[in-house]
Protein chains: 2
Amino acid sequence: MCQLLGMNCNTPTDISFSFEGFRRRAGVTDKHSDGFGIAFFEGKGVRIFRDNQPAAFSPLGDVVKNYRIKSFNVIAHIRQATQGAVNIENTHPFIREIWGENWVFAHNGTVEDLEICPNNHYQPIGTTDSERAFCCMAAELKKRFSEKPTERELFNAVVDISEEIATKGVFNFILSNGEWMIARCATKLHYVTRKHPFSKVFREDDVVIDFSQYTTEQDKVTIITTQPLTKNEEWIEMKNGGYVFFKDGDKVFEIVGTLPPCKAHV
Amino acid sequence: MCQLLGMNCNTPTDISFSFEGFRRRAGVTDKHSDGFGIAFFEGKGVRIFRDNQPAAFSPLGDVVKNYRIKSFNVIAHIRQATQGAVNIENTHPFIREIWGENWVFAHNGTVEDLEICPNNHYQPIGTTDSERAFCCMAAELKKRFSEKPTERELFNAVVDISEEIATKGVFNFILSNGEWMIARCATKLHYVTRKHPFSKVFREDDVVIDFSQYTTEQDKVTIITTQPLTKNEEWIEMKNGGYVFFKDGDKVFEIVGTLPPCKAHV
């Protein structure tokens, strides 16, 4: 399986603290070593860094660390390949243009037997089930809405389409268009919202940061990730079939999910 | 105006020597300082680095220099903004998925009044005329061919569509799907093919490289660029309305062009 990391904020935020903890799992503390990718939204544009080396040791991981890009929305993924070779085209996050926006998607799990007809609006470039699922979702959205719908309509449609895809396997994902971030849990996904009063936070490798030194009272930063990254924060564990829609660091829509996470798939 | 750089080869090649000369024009020897972008194909995947800082001084420019990615197809662009703000979404090269392939496009010039209907298959994300032109071309190709056509059919269609777009302004471009590279000249574009016997080449800033030290007899590397980058090679100057289609470093199709480059637009 792979691991996911997402950040949605109301102020441009440096994800280095979380990403540095996250990427240790790709080769140091865990085995998600089949490449990594990270996408930073900057306005409507996106910077994406991908490598087929383990994130923990990748020179591009160091670039991300050193360059300290501030962003409202970031999606990262460390891969443990189950389907598709270890190469750039199979490296998450995947990106497509929908209604004149960049949409970025990363997936954890395996969904089998998704059919994509040759005339589908979006075609997979690589050979992963994940990109195939994203293309299915993107094409179905474009079919349902010729122009960008409201956020509520969009969330409902993403849920509807995802429930169909989720019948084919394990479908944890994080999705963003640079304005909002949607996460779906099948087996394992957690989130935490950091806001005033900010305090010291201890990462799992005991690196500590005092967020009160870097924030204002108005700041809100939500981090979504497969497995909690810090030891002294109250991470919320999502349930199977649960969805959250974050904007400006706030949870705007939610479907709690009815089933407990299916540990067998973790 | 902006400047373009493309490389098409029959062996994975490090573009550093050419890119280092090229990026000096973005802030050192010339004024193309409104951001830069470079796309490296790696199989069907692409790594794209973009920055809104001048290429000559950008930390991401240094990353490209130091990381020495080898690729069969590379497209780079340094920008002097004429339309659209200086930001990531307006930074070339632009990318779209067509028939399950990454297509990468960079443009030099300005094309006015291109109409894109809201239901167009591809919508611009930023506000440049260049991305708009690329979306027009991509949508028209997808309309003409529901599946990937032959290279000859594709070249003919790209020429046909480009001639229409070119009636709206100045349309120099480089385009690649990772297998081939198409270049069109309106006002200024040059190319050179490096092959056996390789020799010493002097860049315009007097940096010298002896390609015979880094190559085999079979290697072929074509460089396409707005303005020649070296002093002792025979660059071929393209004509207005000229097209070349390179694959594995070889010119496969060509339309020579009938008009001399229109210097007034340079």
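Read on for an overview of the structure. Keep in mind that this is a model prediction, so the values were computed, not measured. (Residues numbered from 1 in each chain as written. Chains lettered and ligands numbered in written order. Predicted model: local features only at pLDDT ≥ 70, side-chain atom pairs only at ≥ 80, totals over all residues. Heavy atoms only, no water.)

### Describing the sheet that holds strand β14 (residues 242-247) of chain B
Residue and element names in this part refer to chain B.
Step number 1: Across the sheet, six strands lie side by side as β5-β6-β7-β8-β14-β15; this open sheet has antiparallel pairing. Looking at which strands have only one partner, the edges of the open sheet turn out to be β5 (94-98) and β15 (250-255). Going across the sheet, the axis of each strand differs from the next one's by a mean of 20°, ignoring polarity.
Step number 2: Inspection of the sheet shows β14 paired to β15 by five bridges, in the antiparallel sense. The partner of Y243 across the bridge, within β15, is I255. (Pairing = 2+ DSSP bridges. Helix = DSSP H or I, 4+ residues; strand = E, 2+ residues; numbered from the N terminus. Axes fitted to C-alpha atoms, helices over the stretch in contact; angles between N-to-C directions.)

### Quick look at the pairing of strand β5 (residues 94-98) of chain A
All names here are of chain A.
Step number 1: Summarising burial for β5: four of the five residues are buried, a large majority.
Step number 2: Direction of pairing for β5 relative to strand β6 (residues 101-108): antiparallel, over a ladder of five bridges. The partner of F94 across the bridge, within β6, is F105. (Buried < 20%, exposed > 50% of the residue type's maximum accessible area, 1.4 Å probe, protein only.)

### Digging into the state of the cysteines
A covalent bond bridging the sulfur atoms of two cysteines is what the word disulfide describes.
Step number 1: Under the definition given, this model contains zero disulfides over all chains.
Step number 2: Of all cysteine sulfurs in the structure, the one in C135 of chain B sits closest to C136 of chain B, which takes part in no disulfide; the separation is 7.4 Å. (Disulfide = S-S within 2.5 Å.)

### Topic: the interface of chain B and chain A
Step number 1: The interface of chain B with chain A comprises 35 residues on the first partner and 35 residues on the second.
Step number 2: Together, the buried faces of chain B and chain A total about 2600 Å²; carbon and sulfur atoms form 52% of this surface.
Step number 3: If you sort the residues of chain B by the area they bury against chain A, Y67, E97 and I125 of chain B come out on top, with a joint share of 22%.
Step number 4: Inspection of the region where chain B meets chain A yields four salt bridges.
Step number 5: With a shortest N-O distance of 3.2 Å, D51 of chain B and R47 of chain A are connected by a salt bridge.
Step number 6: Counting the contacts that link chain B with chain A gives 21 residue pairs in polar contact (both at pLDDT 80 or more).
Step number 7: Broken down by secondary-structure element, the contributors of at least two residues to the side of chain B that touches chain A are β3 (45-51), α2 (59-67), β5 and β6 (101-108) of chain B.
Step number 8: At seven residues, β3 of chain B tops the list of elements feeding residues into the side of chain B that touches chain A.
Step number 9: Of the residues that constitute the side of chain B that touches chain A, the class distribution is 13 nonpolar, eleven polar and eleven charged. (Contact = heavy atoms within 4.5 Å. Buried area = accessible area lost by both parts, 1.4 Å probe. Salt bridge = Lys/Arg side-chain N within 4 Å of Asp/Glu carboxyl O. Polar contact = N/O pair within 3.5 Å; in protein donor to acceptor, adjacent residues only side chain to side chain. Nonpolar A, V, L, I, M, F, W, Y, C, P; charged D, E, K, R; others polar.)

### A few points about the relation of the copies chain B and chain A
Two copies of a chain can be linked by a rotation about an axis combined with a shift along that same axis.
Step number 1: Rotating chain B by 180° about the axis while translating it 0.0 Å along that axis superimposes it on chain A, leaving an RMSD of 0.0 Å. What the rotation and shift describe, once combined, is the action of a two-fold rotation axis.
Step number 2: An overlap of 100% is found between the interface residues of chain B and their copies at the interface of chain A, pointing to a shared contact surface. (Least-squares fit on C-alpha atoms with pLDDT ≥ 70 in both.)

### Observations concerning empty space enclosed by the protein
Rolled over the atoms, a probe sized like a water molecule indicates the empty space that remains.
Step number 1: Considering all chains together, one arrives at five cavities of 30 Å³ or more under this definition.
Step number 2: In this model, the largest cavity occupies a volume close to 600 Å³.
Step number 3: As for the largest cavity, its lining consists of 36 residues, and the residues nearest its centre are I95 and N102 of chain A together with R50, I95 and N102 of chain B.
Step number 4: Mapped onto the lining of the largest cavity, the elements with two or more residues apiece are β3 (45-51) and β5 of chain A together with β3 and β5 of chain B.
Step number 5: If one sorts the elements of the lining of the largest cavity by residue count, β3 of chain B sits on top with six residues.
Step number 6: Here the residues of the lining of the largest cavity are counted per class, giving 17 nonpolar, eight polar and eleven charged. (1 Å grid on protein atoms, 1.4 Å probe; cavity = no way out; pocket = protein on both sides within 12 Å on 5 of 7 lines; lining within 4 Å. Points joined across faces, edges and corners; volume = space filled by probe spheres on them.)

### What about the pairing of β3 of chain A?
Residues and elements named next belong to chain A.
Step number 1: In terms of burial, β3 is largely enclosed, as seven of its seven residues are buried.
Step number 2: Of the two faces of β3, both are covered, the one formed by G45, R47, F49 and D51 as well as the one formed by V46, I48 and R50.
Step number 3: Looking at chain direction, strand β2 (residues 36-42) and β3 are connected through seven bridges and run antiparallel. If you follow I38 over to β3, its bridge partner there is F49.
Step number 4: Counted between consecutive antiparallel strands, the loop separating β2 from β3 contains two residues, among which G43 sits at a positive phi close to 65°.

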